[in-house]
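Coordinates in review
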Amino acid sequence: MTIHDGEIIRRSLEQPSAFAELYDRHERVIFRYAARRVGASLADDIASETFLVAFTRRRDFTGSEDARAWLLGIATTLMRQHARTEAKAWRGMLASDLARTDIDQIDAADARLDAKRLTRRLGKALARLPTGDRDALLLHTFGDLDYEGISEALSIPIGTVRSRLNRVRRKLRAVAEPTLNQEKEESHGRNLAPAPSAD
């Protein structure tokens, strides 16, 4: 029978060493999320600090089953202190990561896309987003949290999560569309180029 995270945390109040099981369960998820946001060099520090903060605040955990959203919320708060590093990391994001941000046209045009140009534009757009909007998007995209998980991680209502993600999608779509349209025009122009003369 699987022991829920809440049970491990409650047990750790009396037996602190029990908290190591929570670390073993979720450290890779926290590290992966941090690495995508601030790069692998800082991800170890963020992950370690996340579990240190979680341990000292374990009495505050009110969930019963899964502590992932709670831990990702702590990691998100810690990463705000590394905003400059994070902004640089966004500029270098891979197109495959950005395609997961749920922008319909990116997936459809991926094969023809100038990935570097779009990545640069989206990286700059991410850097300009309000912190709350950016955190909601990256928890959804890199933390694999659903709306309810984001709501728990950021301590905001689900309605606020919906409006933030909708607003972000509109902004990123507006940034992506000019690049995608230009790609279509260039591709269309190449298709209409006159055939070489036979003489």
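Looking at an unreviewed UniProt entry, one finds the protein chain named RNA polymerase sigma-70 factor (ECF subfamily) and attributed to Microbacterium resistens. According to the UniProt record, the Sequence similarities (unreviewed entry) comment for the protein chain reads "Belongs to the sigma-70 factor family. ECF subfamily."

Digging into the packing of helix H2 (residues 19-38) against helix H9 (residues 131-141)
Taken N-terminus to C-terminus, the directions of H2 and H9 make an angle of 130°; their axes are 10 Å apart at the nearest point. Viewed along their axes, H2 and H9 adopt a mutual orientation that is oblique. Handedness of the H2/H9 crossing: right-handed. Seen from H2, the contacting residues are Tyr33, Arg36 and Arg37; seen from H9, they are Asp135, Leu138, Leu139 and Thr141. Residue classes in the contact of H2 with H9 are distributed as three nonpolar, one polar and three charged.

Here's the deal with the pattern of salt bridges
Taken as a whole and judged by the stated rule, the model has six salt bridges. Notably, a salt bridge pairs arginine 80 with aspartate 135, separated by 2.5 Å at the nearest N-O pair. With arginine 80 in the loop between helix H4 (68-79) and helix H5 (83-91) and aspartate 135 in helix H9, this residue pair connects regions lying 55 residues apart in the sequence. In this structure aspartate 135 comes out as buried when scored by relative accessible area, which is 1%. Across the pair aspartate 133 and arginine 167 runs a salt bridge whose closest N-O atoms are separated by 2.8 Å. With a gap of 34 residues between them, aspartate 133 in helix H9 and arginine 167 in helix H11 (residues 158-191) connect regions that are remote in the sequence. Exposure remark for arginine 167: the relative accessible area of 31% places this residue in the partly exposed category.

Focus on the nonpolar core
Residues Trp70, Leu71, Leu139 and Ile150 are the most contacted members of the largest nonpolar core, which totals 44 residues. Residue contributions to this core peak at eight residues, all from H4. Excluding anything up to four places from it in sequence, leucine 71 contacts Leu22, His26, Ile30, Thr50, Phe51 and Ala54.

Parameters at a glance
- Residues numbered from 1 in each chain as written.
- Predicted model: local features only at pLDDT ≥ 70, side-chain atom pairs only at ≥ 80, totals over all residues.
- Heavy atoms only, no water.
- UniProt positions renumbered as here; feature names shortened; annotations may be inferred.
- Axes fitted to C-alpha atoms, helices over the stretch in contact; angles between N-to-C directions.
- Helix = DSSP H or I, 4+ residues; strand = E, 2+ residues; numbered from the N terminus.
- Parallel < 35°, antiparallel > 145°, perpendicular 65-115°, else oblique.
- Left-handed = near helix turned anticlockwise from the far one by under 90°.
- Contact = heavy atoms within 4.5 Å.
- Nonpolar A, V, L, I, M, F, W, Y, C, P; charged D, E, K, R; others polar.
- Salt bridge = Lys/Arg side-chain N within 4 Å of Asp/Glu carboxyl O.
- Buried < 20%, exposed > 50% of the residue type's maximum accessible area, 1.4 Å probe, protein only.
- Core = buried A, V, L, I, M, F, W, Y, C linked by side-chain atoms within 4.5 Å.

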